[in-house]
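Structure assessment
What follows is the residue order along each chain.
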Amino acid sequence: MSGHGRSGGRPTLEEVAARAGVGRGTVSRVVNGASGVSEHTRAAVEAAVEELGYVPNRAARALASNRADAVALVVPEPQSRFFAEPYFSDMVRGVGAALAETDVQLVLTLAGSDRERRRLARYLAAHRVDGVLLVGVHAEDPLPELLAGLGIPAVVSGRRSAAEPLPYVDCDNLAGAAGAVRHLLGRGRRAVATVTGPLDVYGARCRLDGYREALTAAGLPVDGALIAYGDFTEEGGRRAVRELLERRPDLDAVFAASDVMALGARRELRAAGRLIPGDVALVGFDDSVPARHMEPPLTSVRQPVEEMGRTMARMLLARMAGEPGDEAVVLPTELVVRESS
């Protein structure tokens, strides 16, 4: 009879109750993990569930509890950047690993255009999800305020500012960047340039601050001619290095605020006939898979992206359950030295 009730179809709650010799309400409490059930009774119900192959009707449970049993992972970036940057896939992997231990469904949403944001706003207003994970939020993004207005629990990956009001998970961007620049200075480089990320992203500003901090601590001037502004894309990295070479052809090192921009920087340096690391040492940020397979392999600041994703998901689940939890987690970075520097 395993896998089928007396009706010959999908086993029902009533059939589980009859098999276990208890009431329907008791079965419901056991299935939903509620307290107030003796161990003997719980064991009898679980045995009946196993024998019959009973699967709870999640839709009915969600309706009854006013829960969707789903969370949204929202990335306010265009598809081109989402699929080009390993950071996002690592983040999805970490979030997915944490949610795999639960019955909560993950909904991935890209919101890089105004149209996508409007559609997302309607979706969230309908309370189709119980919580939201926001990844890569820019300073003026209206999504966090929308979520607050709707009363939907949310956790942010990467702060929008030093005074981020939402719970967040971040890595120590400033210390990671400062460590990268100290490494380059320790290798005897003195004209150290940087390619920043978009400065409406707080993490990118922190990486620029780390660059400046390391130079100042070493008694070196911060030369604006050695700072070029990028956008976390490969083409942006290439364009920025082209500008740097025009302004400071004597540069002997580049710290790129992402591995993807470092890939572009490498292409432009090679096109200009510069050897890496002989003429110009190169360091990235992220320690993504492409960094390890570059030629030469790229020195990079490792941020624990999967762990950030797992931590975000756990923080959100705690908030959804009304449990106390961390409001802010900042994870350390690590410089991984390879042949490019």
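For the structure given in this document, a descriptive report is provided here. (Residues numbered from 1 in each chain as written. Predicted model: local features only at pLDDT ≥ 70, side-chain atom pairs only at ≥ 80, totals over all residues. Heavy atoms only, no water.)

Quick notes on a positive patch on the surface
The cut-off we apply is this: For patch detection, residues must exceed 30% relative accessible area and be free of salt bridges, and they are connected within 9 Å for like charges or within 5 Å for nonpolar side chains (Val, Leu, Ile, Met, Phe, Trp, Tyr). Method for areas: the Shrake-Rupley scheme with a 1.4 Å probe, in which residue coverage is limited to the protein chains shown. Salt bridge criterion: a side-chain nitrogen from Lys or Arg within 4 Å of a carboxyl oxygen from Asp or Glu. Neither His nor the chain ends contribute to the count of charged residues, in which Lys and Arg are positive and Asp and Glu negative. Throughout, a charge is located at the NZ atom of Lys, the CZ atom of Arg, the CG atom of Asp or the CD atom of Glu. The secondary structure listing takes helices from DSSP runs of H or I that are at least 4 residues long and strands from runs of E that are at least 2 residues long, numbered from the N terminus.
Together, Arg 115, Arg 118, Arg 119 and Arg 122 give the surface a local cluster of positive charge. Position of Arg 118 relative to the elements: it lies in helix H7 (residues 114-125).

Focus on the nonpolar core
Rules: Throughout, nonpolar core names a set of buried Ala, Val, Leu, Ile, Met, Phe, Trp, Tyr and Cys residues whose side chains join them through atoms within 4.5 Å. A 1.4 Å probe rolled over the protein chains alone gives each residue an accessible area, and that area as a share of the maximum for its type sets the label: buried under 20%, exposed over 50%, partly exposed in between. Only heavy atoms matter for contacts: two residues are in contact if any of them lie within 4.5 Å across the pair.
Formed by 69 residues in total, the largest nonpolar core has its most connected members in Val 135, Val 181, Val 195, Tyr 211, Leu 251, Phe 255 and Leu 282. It is helix H14 (residues 305-320) that contributes the most residues to this core, seven residues altogether. Among residues more than four places away in sequence, those in contact with Val 195 are Ala 228, Gly 230, Gly 237, Ala 240, Val 241, Leu 244, Val 254, Phe 255, Ala 256, Ala 257 and Met 261. Listed in part, the 17 residues of the second largest apolar core include Ala 70, Val 74, Val 132 and Val 137.

Considerations on the packing of helix H2 (residues 24-31) against helix H3 (residues 39-52)
The test is simple: Where helices are involved, their axes are fitted lines through C-alpha atoms of the stretch in contact, as for all axes, and angles between N-to-C directions lie from 0 to 180°. What sets the label is the angle itself: under 35 degrees gives roughly parallel, over 145 gives roughly antiparallel, 65 to 115 gives roughly perpendicular, and the rest give oblique. Just so you know the grouping, Ala, Val, Leu, Ile, Met, Phe, Trp, Tyr, Cys and Pro go in nonpolar, Asp, Glu, Lys and Arg go in charged, and all remaining residues, Gly too, go in polar.
For the pair H2 and H3, interaxial distance at closest approach is 10 Å and the crossing angle is 85°. When the axes of H2 and H3 are compared, the pair comes out roughly perpendicular. Residue-level inspection shows Thr 26, Val 27 and Val 30 of H2 in contact with H3, the latter providing Thr 41, Arg 42, Val 45 and Glu 46. A per-class count over the contact of H2 with H3 returns three nonpolar, two polar and two charged.

Focus: the pattern of salt bridges
A full pass over the atoms with the stated rule returns 21 salt bridges. A salt bridge links Glu 306 to Arg 93; the nearest nitrogen and oxygen atoms lie 3.3 Å apart. You can see Glu 306 sitting in helix H14 and its partner Arg 93 sitting in helix H6 (residues 86-99), a full 213 residues away along the chain. Residue class for Glu 306 comes out partly exposed when judged on its relative accessible area of 29%. Judged by its relative accessible area of 45%, Arg 93 is partly exposed. One salt-bridge network, held together by shared partners, links Asp 90, Arg 93, Glu 306, Glu 307 and Arg 310.

Considerations on the environment of Glu 306
It is 23 Å that separates the C-alpha atoms of Glu 306 and Leu 143, two residues lying 163 residues apart in sequence. In this structure Glu 306 touches Asp 90, Arg 93 and Gly 94, once residues within four positions along its chain are discounted.

Let's talk about the sheet that holds strand E10 (residues 299-302)
Here is the rule we go by: We call two strands paired when DSSP finds no fewer than two bridges between them.
One open sheet holds the six strands; their spatial order is E7-E6-E8-E9-E10-E12, and the pairing between them is mixed. Bordering the open sheet on either side are strand E7 (227-229) and strand E12 (334-336), each of which pairs with just one other strand. The mean inter-strand angle of the sheet, taken between neighbouring strand axes irrespective of direction, is 20°. Where strand E8 (residues 253-256) and strand E9 (residues 281-286) come together, three bridges link them in parallel fashion. Counterpart to Ala 253 in the pairing with E9 is Ala 281.

Examining unusual backbone geometry
Following Ile 276, the chain continues into Pro 277 via a peptide bond in cis, with omega recorded as 5°. Along the chain, Pro 277 falls in the loop between helix H12 (259-271) and E9. For the bond from Glu 295 to Pro 296, the omega torsion is 0°, close enough to zero to count as cis. By the secondary structure assignment, Pro 296 is in the loop between helix H13 (289-293) and E10. At Phe 232, a position not held by glycine, the phi torsion is positive, near 70°.

Focus on the packing of aromatic side chains
Heads up, the rule is: Here the aromatic set is Phe, Tyr and Trp, taking the six-membered ring for Trp, and pairing holds for ring centres within 6.5 Å; pairs whose planes are under 30 degrees apart are stacked, those over 60 apart are edge-to-face, and all others are tilted.
By the definition in use, this model includes four aromatic pairs. Look at Phe 82 and Phe 83: their rings are 5.1 Å apart centre to centre, the planes differ by 90°, and that puts the pair in the edge-to-face class. Judged by relative accessible area, Phe 82 falls into the buried class, the value being 10%. Owing to a relative accessible area of 63%, Phe 83 belongs among the exposed residues under this scheme. For the ring pair Tyr 87 and Phe 88, a centre distance of 5.4 Å and an interplane angle of 85° mean the geometry is edge-to-face. One exposure class covers both Tyr 87 and Phe 88, and it is buried. Among the aromatic residues, ring-to-ring pairing joins Phe 82, Phe 83, Tyr 87 and Phe 88 into one connected group.

Thoughts on the sheet that holds strand E1 (residues 70-75)
The strand order E2-E1-E3-E4-E5-E11 describes an open sheet built from six strands, whose pairing is parallel. Every other strand in the sheet has two partners, leaving strand E2 (105-110) and strand E11 (328-331) as the edge strands with one partner each. Strand-to-strand, the axes of this sheet are offset by a mean angle of 15°, without reference to chain direction. As paired strands, strand E3 (residues 131-135) and strand E4 (residues 154-157) are joined by four bridges and run parallel to one another. Pairing of Val 132 across the sheet is with Ala 154, part of E4.

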